[in-house]
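Here are the chains, one letter per residue:
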Amino acid sequence: MEIYIKDERDIDASARELLAALGDRRHVVLEGPMGAGKTTLTAAIGRVLGVEDDVTSPTFSIVNQYETLDGKRIYHFDFYRIDSVAQAIDLGLEDYFDTDALCLMEWAGNVEAFLPDDTVVVRIMVEDDGTRVISVED
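Residues numbered from 1 in each chain as written. Predicted model: local features only at pLDDT ≥ 70, side-chain atom pairs only at ≥ 80, totals over all residues. Heavy atoms only, no water.

Participant: Explain the packing of helix 1 (residues 11-22) against helix 2 (residues 38-48) residue by residue, including any values.
Facilitator: Between helix 1 and helix 2, whose axes approach to 8 Å, the crossing angle comes to 80°. Between helix 1 and helix 2, the crossing angle belongs to the class labelled roughly perpendicular. Along its contact with helix 1, which presents I11, D12, A15, R16, L18 and L19, the element helix 2 presents T40, L41, A44, I45, R47 and V48. (Axes fitted to C-alpha atoms, helices over the stretch in contact; angles between N-to-C directions. Helix = DSSP H or I, 4+ residues; strand = E, 2+ residues; numbered from the N terminus. Parallel < 35°, antiparallel > 145°, perpendicular 65-115°, else oblique. Contact = heavy atoms within 4.5 Å.)

Following this line, the structure appears as structure tokens:
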């Protein structure tokens, strides 16, 4: 499955389409180069689900938590600064993953050993004209 985002006006509709494709799956890795739009896509997912807070990059906090309109949680992780197994354990990743929250993860290669078996990979590619292509890998 591929979703095309030609400009930011398409992002919320694309987030709805992505959420529909994910179904009940809750562990999602967002892959793409810096500047591809991983956090922008996460913000759109938040808007679609009724998050009222500003969705920002958790680069320094490592994880941000948001609440949806219906009271469910979204965890947005940025594992860019995680560089050891001990850091991942100290963060309590397994506790986050054992909830029913939607877990959106950037730079998940740094914690690959901890990812649940049902993790879905969403790749964001940037074409020459700036179009983003989102693909979902089951």
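The structure having been displayed, the exposition proceeds.
Participant: I'd like to hear about the pattern of salt bridges, residue by residue, with values.
Facilitator: If the charged atoms of two oppositely charged side chains come close together, the side chains can form a pair. As enumerated under the stated definition, the model contains five salt bridges in all. A salt bridge links R47 to D12; its shortest N-O distance comes to 2.6 Å. Of the two residues, R47 is situated in helix 2 and D12 in helix 1; the sequence distance between them amounts to 35 residues. For D12, a relative accessible area of 23% puts it in the partly exposed group. For R123, the salt bridge is made with E137, and the minimal N-O distance between the two is 2.4 Å. With R123 in strand 6 (residues 120-126) and E137 in strand 7 (residues 132-137), this residue pair connects regions lying 14 residues apart in the sequence. The class of R123 is partly exposed, set by a relative accessible area of 31%. Taken together, the shared-partner salt bridges in this structure form one network comprising E31, R123 and E137. (Salt bridge = Lys/Arg side-chain N within 4 Å of Asp/Glu carboxyl O. Buried < 20%, exposed > 50% of the residue type's maximum accessible area, 1.4 Å probe, protein only.)

Participant: Quick one: what's the story with the environment of L30, residue by residue and with numbers?
Facilitator: Within the secondary structure layout, L30 lies in strand 2 (residues 27-31). For L30, a relative accessible area of 1% translates into the label buried. Setting aside its immediate chain neighbours within four residues, L30 contacts K38, L41, T42, L104, M105, E106, W107 and V122.

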